[in-house]
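Summary of the model geometry
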Amino acid sequence: MGSGVLGAVGVVTLTKVKHRRELLFASLPVLFAVHQFIEGFVWLGLDGTLSPAVAHDMGAAFMLYAQGLLPFVAPLSIMLFEPTRKSRRRMLPFVVIGGVTALYVLWALAAYPTQIYVRENSIVYTNQATSNLVVGVCYLIATCASLFFSKIRMMVAFGVANVVILVIVLAIKQYAYTSVWCAYAAVASVIILVYFWRSSADRPFQYAHSV
């Protein structure tokens, strides 16, 4: 049900797009909805409703997006959306960090097995090559810190929401960080819809003429 609501939010957000540069960022709510839908199959595999193979395959797909693609997609979507060349150049280091992180994580997910299990009503995803401080810091720089350097206030608000969520998750359910943070980040993506709705008169930005 949650993924259906988020999917509806995502579709409405996409209807507000006015320029191709806005498309990737506007797609984030839909991507989060698909992500949560995939995790629903992980649950069904873990509780025995579906086969363990389903839990494994859907868990791999969940991790592919959560850790392997999001660190690159998030800062890239922000950079494309930025209104001026100067602000886009400011985002480039985050895109590079996110890209390197994504490549490493994709290699790690292919090279090492990922353990998936339930602990205290949350799904835990553990991969020995990605569960370390360096990867975690690079991931957070790409997905959260980049938002604070945006010229758009809504981006900063989205960053604040995600950092607050992150702190709460680490304090309460650090062991299930990947699953829980992604779920709450998906809810926070409603901020994206609100921005696209309220900024309709101000967009699209004059990308071709910006400096």
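Reading the values: rules and limits
Residues numbered from 1 in each chain as written. Predicted model: local features only at pLDDT ≥ 70, side-chain atom pairs only at ≥ 80, totals over all residues. Heavy atoms only, no water. Helix = DSSP H or I, 4+ residues; strand = E, 2+ residues; numbered from the N terminus. Buried < 20%, exposed > 50% of the residue type's maximum accessible area, 1.4 Å probe, protein only. Contact = heavy atoms within 4.5 Å. Core = buried A, V, L, I, M, F, W, Y, C linked by side-chain atoms within 4.5 Å. Phe/Tyr/Trp six-rings, centres within 6.5 Å; stacked < 30°, edge-to-face > 60°. Lys NZ or Arg CZ within 6 Å of the ring centre and 35° of its normal.

**Topic: the side chain of S122**
Tracing the chain through its elements places S122 in strand β2 (residues 122–127). Among the residues examined, S122 registers a relative accessible area of 6% and is labelled buried. Residues in contact with S122, not counting those within four places in the same chain, are W43, Y117, K173, A176 and V180.

**Side note on the nonpolar core**
With 40 residues, the main nonpolar core has F25, F81, M155 and W181 as its most contacted residues. Those elements giving two or more residues to this core turn out to be α2 (23–26), α3 (28–46), α4 (52–81), α5 (85–111), α7 (153–173), α8 (177–188) and α9 (190–198). Ranked by size, the runner-up nonpolar core spans eleven residues in total, among them F62, L109, I116 and Y125.

**Focus on the packing of aromatic side chains**
Two measures describe an aromatic ring pair: the distance that separates the ring centres and the angle between the ring planes. Using the criterion set out here, one finds twelve aromatic pairs in the structure. A ring pair is formed by F81 and F205, whose centres lie 5.7 Å apart and whose planes are at 40°; its orientation type is tilted. Here F205 lies in the segment after α9 and F81 lies in helix α4, a separation of 124 residues in the sequence. Its relative accessible area of 0% is what places F81 among the buried residues. Centre to centre, the rings of W107 and Y112 are 5.8 Å apart; their planes meet at 80°, and the pair counts as edge-to-face. Given the relative accessible area of 45%, W107 is considered partly exposed. With relative accessibility at 31%, the residue Y112 sits in the partly exposed group. In textbook terms, an aromatic cluster arises when at least three aromatic residues are bridged by ring pairs, as seen for F25, F81, F158, Y195, F196 and F205. The side chain of K16 reaches across the aromatic face of W197, ending 4.4 Å from its centre.

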